[in-house]
Amino acid sequence: MNRFPIALNAASRARMHAAGTLVFLLGCALHGPAQTVPQLPLHTSGYQIVDAGNRPVCLKSVNWYGFDQKEYVPGGLDHAPLATIVGLIKSMGFNSVRLPWANETLEKNPVVVDYAIKANPQLRGKRAMEVMDAVIDALEKAQIMVILDNHVSRADWCCKDDDGNGLWYSKEYPESAWLADWMTIVRRYRKQPWVVGVDLRNELRSGAAWGGTNKKLDWHAAAERGGNAVLTVNPKLLVMVEGPQYSTDFRGAEKLPIVFKVPNRAVYSPHAYSFGTGFKNYAELAQALDERAGFLLHATPAIPLWIGEFGTCQTLTPCEGDPKGTWIRGFVRYVKEHPELGWSYWPLNGTQSSGYSRKYDDPETFGLLTTDYQHIAAPKLLELFRSIGLQPQE
């Protein structure tokens, strides 16, 4: 989660009549036939993500955090059975989960504390990565896709400029560890087809740039190294690439695109929050979104966009940064008008994990679930998402 506005785009309306785009429009943003189970693996085709049968797939995702924080497991396993939480994800209509993890979680792989999994006694005594295995297996059984997100190096709440997690490396976790950890976790799930993608690094900041002469800050070059390392282990994955300035600034990507050794794998992933936007009307909001990353939907080479994070208060109003709910309604309108966009809401969690400025088990005010993880806490928000293709499941 960040405290900066998004960067998105003005889609070229002429492309809506190109081959396959009308199908994508119905399947992604507007009410249409219920989305069929995708034929995995996925790949990209122009500005779309498509399945192995070349059918467009819209990733309608939700973030489920916790493997990136002090308990080393996703929130809610202390309150509800894993199957209950996964069932709620499915019932709300999400077809995919962005699953944040920390390098510390993977490398230390600690035995999970009992209090964090007390509603799931079958997980008692398990290590963090064994719990991740169980979570991904449960999502697979529900036919929910997974995007693994390298959120931070040191497990903690994200994000600040000076938190030590702003680049893809740190003194404690150098780039060599980042690359090795990605290869390790991708190898772990190489035979798990429902792990369809990786998000190379969350919300680059702390001076990170798209290109430039300073190799220590050149995220573009590092992202290509990271993506190529991932694809060496599993060439079937999508590779999501965020941008600098908390993933709100892709202005360097048009002249300097991401190019991996394996084609048709790259996806750009901007983030979006209301904090600091200060727009007066929808036209100003749309212009701001257009200028930050929207132009990428008509850039060359053609690379899809998936909004890896956006969020607001579960009550819609009142909300810090968006007291009348006008930003979130404008944002949803923008996504509806740009059906090429996939998206991922932040977060699913009903309670907080331990971390900087966070207290374990405090209510998560942006969360879609109640604090007991048994019910939906944001019905008005989910109703709003129906206009961009989220279809509740029985």
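Everything below is about the structure printed above this text.
Residues numbered from 1 in each chain as written. Predicted model: local features only at pLDDT ≥ 70, side-chain atom pairs only at ≥ 80, totals over all residues. Heavy atoms only, no water.

When you go through the protein residue by residue, the secondary structure sums to 10 helices and 11 strands. For 394 residues, the compact-globule estimate of 2.2 N^0.38 gives 21 Å, and the C-alpha radius of gyration of the protein, at 19 Å, lies within 12% of that figure. Dimensions of the protein, computed from the C-alpha atoms along their principal axes, are close to 55 × 45 × 45 Å. Counting over 394 residues, the protein shows a buried share of 60%. Here the contacts in the protein between residues at least 6 apart in sequence split such that 77% fall between residues at least 24 apart. Approximately 15,000 Å² of the protein is accessible, and the part contributed by carbon and sulfur atoms is 54%. Seen as two clouds, the 41 positive and the 40 negative side-chain charges of the protein have centres 3 Å apart. (Helix = DSSP H or I, 4+ residues; strand = E, 2+ residues; numbered from the N terminus. Rg over C-alpha atoms; globule rule 2.2 N^0.38 Å. Buried < 20%, exposed > 50% of the residue type's maximum accessible area, 1.4 Å probe, protein only. Contact = heavy atoms within 4.5 Å. Areas by Shrake-Rupley, 256 points an atom, 1.4 Å probe, with all protein chains shown as cover. Lys, Arg positive; Asp, Glu negative; His and termini not counted. Charge placed at Lys NZ, Arg CZ, Asp CG, Glu CD.)

Turning our attention to the packing of aromatic side chains. Applying the stated criterion across every chain, the model contains 21 aromatic pairs. Centre to centre, the rings of Trp 168 and Trp 219 are 5.6 Å apart; their planes meet at 45 degrees, and the pair counts as tilted. Remark: Trp 219 occurs in helix H6 (residues 219-233) and Trp 168 occurs in the loop between strand E5 (145-152) and helix H5 (175-188); sequence separation between them is 51 residues. The two residues Trp 168 and Trp 219 agree in class, both being buried. Pairing Phe 310 with Phe 331 gives two aromatic rings, centres 4.7 Å apart and planes at 40 degrees, and the pair type is tilted. One end of the pair, Phe 310, is in strand E10 (residues 306-310); the other, Phe 331, is in helix H9 (residues 326-337), and 21 residues separate them in sequence. One aromatic cluster is present, formed by Phe 94, Phe 310, Trp 327, Phe 331, Trp 343, Tyr 345 and Phe 385 through successive ring pairs. Over the ring of Tyr 282 we find Arg 333; its NZ or CZ atom is 3.8 Å from the centre of that ring. The aromatic ring of Trp 157 is capped on one face by Arg 358, whose charged end is 3.6 Å from the ring centroid. (Phe/Tyr/Trp six-rings, centres within 6.5 Å; stacked < 30°, edge-to-face > 60°. Lys NZ or Arg CZ within 6 Å of the ring centre and 35° of its normal.)

So, about the pattern of salt bridges. With the rule as written, the count across this model stands at 15 salt bridges. Between Glu 383 and Arg 386 there is a salt bridge whose closest N-O contact spans 3.2 Å. In this structure, a network of salt bridges that share partners links the residues Arg 98, Asp 149, Asp 199, Glu 242 and Glu 309. (Salt bridge = Lys/Arg side-chain N within 4 Å of Asp/Glu carboxyl O.)

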